[in-house]
Amino acid sequence: MIPLSWYLILSAALFSIGLFGVLSRKNAVAILLGIELMLNAVNINLVSFWRYGDVSQMAGQVFAIIVFAVAASEVAVGLALVISVYRRRNTVIADELDLMKW
Amino acid sequence: MTTETLIWLIPLPPILAFFLIVLFTNRNKALSHTVAIGAALLSWLGAMIVFVRAIGTPDLGKTPFASFINWIPTADTWLKIGVQIDPFGAVTLFFVAWTVLMIFLYSVGYHNYGQPAGDHDHPGLPPHGATDEHGHQVPSVEPMYSRFFAFISLFAFGMFTLVVSDNLLTLFAGWEIMGLCSYLLIGFWYAKPSARAAAVKAFMTTRVGDVFMLLGIAFLYSATGSLSYRDIFQAQVLHTLASVPTPIFGLSAAGLIGLLLFIGTIGKSAQFPLHVWLPDAMEGPTPVSAMIHAATMVSAGVYMIIRMFPLISLDPKTMTVIAFIGTFTAIFAATIAVAQNDIKRVLAYSTISQLGFMVAALGTGAYVAAAFHLVTHAFFKALLFLGSGSVIHGMEHGVLHTGDHNVDPQNMFNMGGLRKKMPITFWTFLIGGFALSGFPLLTAGFWSKDEIFSGAFNNGHLIVFITLAVAAFLTAFYTMRQITLTFLGGPRTKEAEHAHETPWTMIAPLVVLAIFAIGYGWVGIPQDFLGLHLNPSWFHEFVGSTLAVMPAESPFSWIVFGTSLVVSLGGLFFGWLAYRNVSVPEQDKLQIPLLKNKYYFDELYNVVFIKPSYWFAETFVYQWVDKGLIDGVLHLFGKAANGIGSIIRNYFDLPVINRFFGDGTAHVTQWVGKNLRPIQSGRIQQYMLVSLIVLLAIAGLLYYLLVIV
Amino acid sequence: MDFVNSHLLSLILFFPACSALVMLFLPKDEAKLLRWFAFVASLIPLALSVYLWIQFKPDATGYQFQEQYTWYAAIGSSLHLGVDGLSLTMVLLTTLLTPLALLASFSVSDRIKPYLMLFLFLETGMLGVFMAIDLLIFFVFWEIGLVPMYFLINQWGSANRNYASLKFMIYTMGGSLGLLLGIQLLGALFGTFDLAAITANWTSAQGSLLGFPIATVKDVVFWAFVIAFAIKVPIWPFHTWLPDAHTEAPTAGSMLLAGVLLKLGAYGFLRLVLPLYPDQAKAYAPALALLATAAIVFGAFASFAQKDFKRLVAYSSVNHMGFVVLGIAAAAMAAGTADARIAMNGAILQMFNHGLSAAGMFFLVGVIYERTHTRNLDEFGGLFPLVPIYGGILIFTSMASLGLPGLNGFVSEFLVVRGSYPLLTPYTAISMLGLLFTGAYILKGISKVLHGPMNEHWAHGEHKLTEINTREIIVMTPLMALILVTGIWPAWILDVINKAVMHLF
């Protein structure tokens, strides 16, 4: 059986890729993609811990399902926001959205 | 109806009339005077019934008609007020009811009821006359006609209250209400500055007496626990009062109370030195002068001390003071009267002088004589005032006729010969004048004055007797001077030529009062007059029984009788002799400045009392004490607080708190903020990167701290 | 009805304040609605206090209609209300004068919503002082009464209002400071602020406070009380805030200021100083009488000196309150004797009477000021023919103020003079000088305004003086009726006062 640490390494790698994407991409849609990656990394984590822990406890799977739902709604809302921003400011480049700057 | 109930009811009609007129009928002249006269008539009727029952009741002095109620709760007890009619009260009620009714009636004519409204009349000024449809000048009706009747009704209420009271407190209430009415009526023509000044003067001068009287009442009340005559005049109460000493002039309590009450009389009855208001009070309409300033209100002062005689007579010192003041006033006012040219002012000084007679009589212990003169004087002096009002009215008619308003219708030197123009006025005035002079046997004034003389003579007050005799001579003299200048000889002015008799409403009261001015004397003829043995004097028997011990009648003395004859007849004769040919003031030898100017008392009081009062009030109390001293101290506190405050502000708050702590903190904060500002770029990715770095740093730190160390 | 009966005092007390809160939600431009709302809202406490008067049993001792609610249990203070004959009289006076003051204010049009609300708050403040049996509550309401009055003078007053309101506020606050200190000390000493409890334990209290013996503490409290109340009455020479405040306040404010607020000080003397400190009060009674005499005499003279009609009336309050203080001094001099009780009856009745006549006088001054915009006596003159009804009412009210027998002022002044004469003879005798000059200033007012040659300025054209209107007559009617009734039949109120005095002293 594949040891747990492999799953975890996979998950960490996926998370880091996602994080890198969030921090480095200028396009808001790409940033959203990065976030999705990070969420899925978390899901891998949850599911693998469930599988290697007490299988009768359903918490890990349930959490993963909740994260799916959150991710789905987040993408829905996030993309809606991006479209809305694009309509208003005619750009989806994150650096140009600096309304909160002093 | 029981007599007691009736007595309660006597003062009510006038007060109801007052409220009715003020609230409802004031726009209707006829209704107003009907209400007022109707009320006076009701009171008169009640008074007459009570009087008749009083004279028919034996031993009324011992068991007077009396009834009382609880009025004010005072700790465990009640202050009771009530009504009481004893013999003295009955005779007072008699003359008050008559004079009030007569004067109410007279006022209708005096204020020109039934005449047209004036062309230029103005409320607050005497009417100036109107032009009728034929273009003639005729008298015009008083613009404030209803108000006059309201005021005199209120006045009548005050007087009746005073007379029927069984205690000093309601007496004082009536006394003060009359004072108010006197003020309102003297100032009836309030737009005249002289009337306004006279009204204030009258009120204030009498109030000087009133406050002393109030003090006397308070003293009496606290000493005896009651104010009703019934309780005060009990033998043991009087005995206690007479034996308690006070620290003032060595008077007994009775003496001091008597003196304080007597000061009230000095004010109200215009005795020296508070006499100054009465002559000025002649500014009021003549019926007012007759009612208030001759027949009733000024008599109230004398009424009160006669009432309080059992108390006052306990202390000989007080009696001496009273006798002195009365005697001095009698002669003093008489000397001023001889030099006056205004027909009403002569009567005003004559009133002061005659009140002095009564006070002197009381001071010499002649209780009945004082009461007797009080009654007769009320009748004949009311008659004289109303007569003079009639004369003035006639003269005003003349003035309207000629249109020369510079002629003073009150100056006797503008008159003369009115005997033929106004016969009824003349004859009644003559009767009044003779009564005032004490014309022997016929007139009421003779009998009452004779009693005063014999009282003073027989009680051993020779100085009083002589002085009063001289005053009586002067009285006869100025009375005859007045009659001569006014009625005898020929008219001295066109106005006097055109004077004519006044309407019946003014004449009828004159006739009624003239009957009393003669007839009332006959009820008081002394028993052994001229050594004859007549019936006992009814007046003496009746009024004397008011006292616990019936005073003895003074024995007849030829000296007194002779003096009476000489002074009255002599005065009348010389008055006629001296003035029968005088036609202008310059021929009058007695126009001495000192007398004409009333011994300069007004000026003296102005300098000694009035000006200092103004100074004390305006400068001392207000400017110096209140504004200067007290507010000065307050403002000093304010300034001190301000000073301390500004020191703290300038030397602590501003440099330490504001600059150092306040501004310092702000500066530091501002500097830090300015330097940290670039961090806030608004770029989320940058923020996240920073957070990531910080997170890693903290994680590293924690790892180092927890795991490695 | 049971609810009303058992909560009568708190209903009377809080109804005005609650109405004021309701007024917050009324539109501020609906002048008519606001006026009538406030007026009707003040009539209800009047109706309730008349009911209170009828239900009150004069013969019973102690406080009646007591109510007690938890308020601040930790320091021993509770909302304890109750009335006896003394406070009942004052409650009646307050609830009577407030509607009249509000009715008198119908002519005010400047920011009427806050104006009317302040009056209602003021009423609650004044009533609270009279009803409180708890010292802390007493103090709270004492101060509550102060604030609305400050704003009324400061915002709606006449020319010199800033000076006057500041002087009024600071002076009274200065007094209150001592009052608060005194109340705190008593609270600390007895562990409760309940007056009934304090009175019961007064003599038996032991121990010390902050190292001072109990007698010293009591003395300090005595002086703190005396100064606070002396300023409020005001006793000469603490009186100079009064003419300023009264003169500058709006008409209705002056009515309540003279009518009720001045009574708070005298009430304090009667409720706290005399019952708790009979010995000290007795010892200092002559000094108090001296100051009272000074107030009577100097007040009359100062009033006589005025050229401003309203100031003249304001100073007359100093003169009249002097009689209240003289009565209190006499009562303190020989507590328990008949003389003292008569003087006390007189003093309390004088408080009530002065409330009626001073409110009336201030209102009448306001009536003529509204029309002429001047109070200078020299600018009037001969107005009687123009305003005969006003003139009649003015003379009537002036005579009540002067103490004419048959009207109310005489009865109370006579009782004070009668009661204090045997105890304080020289002072009473000197105060007669003040009574004399009472006449002088009253007549000065009447003759300068109504009598004399008419000032033609007011007779024609745009300045033509108009007669007093129906609303203003309605304001005066209850006052005049009570003045007359109390003058003729004082027993209706004196009976209650007398019985209260018998129980208390």
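Residues numbered from 1 in each chain as written. Chains lettered and ligands numbered in written order. Predicted model: local features only at pLDDT ≥ 70, side-chain atom pairs only at ≥ 80, totals over all residues.

A word on the overall build of chain B
- The helix and strand tally for chain B stands at 28 helices and four strands.
- Radius of gyration (C-alpha) of chain B: 38 Å, far over the 27 Å computed for a compact globule of 709 residues.
- Taking the principal axes of its C-alpha atoms as reference, chain B extends roughly 155 × 75 × 55 Å.
- Across the 709 residues that make up chain B, the buried fraction comes to 56%.
- Within chain B, counting contacts between residues at least 6 apart in sequence, those at least 24 apart form 78% of the total. (Helix = DSSP H or I, 4+ residues; strand = E, 2+ residues; numbered from the N terminus. Rg over C-alpha atoms; globule rule 2.2 N^0.38 Å. Buried ≥ 20, exposed ≤ 12 C-beta atoms within 10 Å, placed from the backbone. Contact = placed C-beta atoms within 7 Å.)

As for the overall build of chain C
- Helices and strands together make up the secondary structure of chain C, namely 19 helices and four strands.
- A globule of 505 residues ought to have a C-alpha radius of gyration of about 23 Å, and chain C, at 22 Å, matches this closely.
- Sequence separation of at least 24 residues holds for 79% of the intrachain contacts in chain C that already meet a minimum separation of 6.

Some remarks on helix H14 (residues 338–372) of chain C
Residue and element names in this part refer to chain C.
- When the terminal C-alpha atoms of H14 are compared, their 50 Å separation across 35 residues agrees well with the 51 Å that a helix rising 1.5 Å per residue should span.
- Burial analysis of H14 places 30 of its 35 residues in the buried class, which makes it a mostly covered element.
- Directly after H14, the chain includes His373, whose backbone phi takes a positive value near 60°. (Expected span 1.5 Å × (residues − 1).)

What to know about the interface of chain B and chain A
- With nine residues of chain B in contact, the opposing surface of chain A contributes nine residues.
- Counted by class, the side of chain B that touches chain A contains three nonpolar, four polar and two charged residues. (Nonpolar A, V, L, I, M, F, W, Y, C, P; charged D, E, K, R; others polar.)

A short note on the interface of chain C and chain B
- Across the boundary between the two partners, chain C contributes 44 residues, which contact 42 residues of chain B.
- No other element matches the eight residues that helix H17 (residues 425–449) of chain C contributes to the side of chain C that touches chain B.

Some words on helix H7 (residues 161–190) of chain C
- Here H7(C) is 30 residues long and its end C-alpha atoms lie 42 Å apart, about the 44 Å a rise of 1.5 Å per residue gives.
- Looking at the residues trailing H7(C), positive phi occurs at Gly191(C), about 75°.

What about the nonpolar core?
- In terms of nonpolar packing, the biggest core is built from 439 residues, with Phe379(B), Leu468(B), Val325(C) and Ala329(C) touching the most fellow members.
- It is helix H17 (residues 367–402) of chain B that provides the largest number of residues to this core, a total of 21 residues.
- Ala28(A), Ile31(A), Leu32(A) and Ala94(A) belong to the second largest nonpolar core, which has five residues in total. (Core = buried A, V, L, I, M, F, W, Y, C linked by C-beta atoms within 7 Å.)

What to know about the confidence of the model for chain C
- For chain C, the average pLDDT comes to 91, and 100% of its residues sit at 70 or higher.
- With pTM at 0.87, the complex prediction returns an ipTM value of 0.92. (pLDDT = per-residue confidence, 0-100.)

A closer look at the pairing of strand E1 (residues 64–72) of chain C
All names here are of chain C.
- Strand direction decides the pairing type here: E1 and strand E2 (residues 77–83), joined by six bridges, are antiparallel. Following the sheet pairing, Gln68 is matched in E2 by His80.
- Hairpin connection between E1 and E2: a loop of four residues separates the two successive antiparallel strands, and Gly76 in this loop has a positive phi of roughly 80°. (Pairing = 2+ DSSP bridges.)

Observations concerning the environment of Ala36(B)
- Summarising the element assignment, Ala36(B) is placed in helix H3 (residues 29–55).
- The spacing of Ala36(B) and Val709(B) is 673 residues in sequence and 119 Å in space, taken between C-alpha atoms.

Thoughts on the pairing of strand E2 (residues 77–85) of chain B
Residues and elements named next belong to chain B.
- Looking at chain direction, strand E1 (residues 65–74) and E2 are connected through nine bridges and run antiparallel. For Ile72, the partnering residue across the bridge sits in E2 and is Leu79.
- Counted between consecutive antiparallel strands, the loop separating E1 from E2 contains two residues, among which Ala75 sits at a positive phi close to 55°.

Comments concerning the arrangement of the chains
- Take the two pairs of chains in contact: the one carrying the most contacts is chains B and C.
- For the non-touching pair chain A and chain C, the nearest C-alpha separation works out to 41 Å.

Digging into the packing of helix H5 (residues 112–131) of chain C against helix H6 (residues 135–156) of chain C
Residues and elements named next belong to chain C.
- Contact geometry of H5 with H6 gives a least axis separation of 7 Å together with a crossing angle of 150°. Between H5 and H6, the crossing angle belongs to the class labelled roughly antiparallel. Crossing angle aside, the handedness with which H5 passes H6 is left-handed. On H6, the residues touching Tyr115, Leu118, Phe121, Leu122, Thr124, Gly125, Met126, Gly128 and Val129 of H5 are Ile137, Phe138, Phe141, Trp142, Ile144, Gly145, Pro148, Met149, Phe151, Leu152 and Trp156.
- Here the contact of H5 with H6 is composed, by residue class, of 16 nonpolar, four polar and no charged. (Axes fitted to C-alpha atoms, helices over the stretch in contact; angles between N-to-C directions. Parallel < 35°, antiparallel > 145°, perpendicular 65-115°, else oblique. Left-handed = near helix turned anticlockwise from the far one by under 90°.)

A word on the packing of H14(C) against helix H15 (residues 388–402) of chain C
Residue and element names in this part refer to chain C.
- Between H14 and H15, whose axes approach to 9 Å, the crossing angle comes to 150°. In terms of crossing hand, the pair formed by H14 and H15 is left-handed. For the pair H14 and H15, contact is made by Ser357, Gly360, Met361, Leu364 and Val367 and by Tyr390, Ile393, Leu394, Thr397, Ala400 and Ser401, respectively.
- For the contact of H14 with H15, the class distribution of residues is seven nonpolar, four polar and no charged.

Describing the confidence of the model for chain B
- Across chain B, the average pLDDT comes to 89, with 100% of residues at or above 70.
- By mean pLDDT, the top-scoring element of chain B is helix H2 (residues 12–25) of chain B (93), and the lowest-scoring one is strand E4 (residues 137–138) of chain B (80).

Points about unusual backbone geometry
- In this chain, Val233(C) is followed by Pro234(C) through a cis amide linkage whose omega measures -10°.
- The residue Pro234(C) is located in the loop between helix H9 (214–232) and helix H10 (241–248) in this model.
- With an omega dihedral of 5°, the bond running from Trp236(C) to Pro237(C) counts as a cis peptide bond.
- If you trace the backbone, Pro237(C) turns up in the loop between H9 and H10.
- Backbone geometry places Phe249(B), a non-glycine residue, at a positive phi of 55°.
- Checked against the element boundaries, Phe249(B) lands in the loop between helix H9 (235–243) and helix H10 (253–268).

Quick look at the environment of Leu125(B)
All names here are of chain B.
- With respect to the helices, strands and loops of the structure, Leu125 is situated in the loop between helix H4 (87–110) and strand E3 (130–131).
- On the basis of neighbour count, Leu125 is assigned to the buried category, with 20 C-beta atoms found within 10 Å.
- Considering only alpha carbons, one finds Leu125 and Tyr113, 12 residues apart in sequence, at a separation of 16 Å.
- Here Leu125 is in contact with Trp189, Ala191 and Lys192, once residues within four sequence places are set aside.

Considerations on the environment of Gln527(B)
Residue and element names in this part refer to chain B.
- Mapping Gln527 onto the fold places it in the loop between helix H23 (504–519) and helix H24 (538–544).
- Residue Gln527 is classed as partly exposed on the basis of its C-beta count, with 15 C-beta atoms lying within 10 Å.
- The spatial distance from the C-alpha of Gln527 to the C-alpha of Tyr579 is 38 Å, given a sequence separation of 52 residues.

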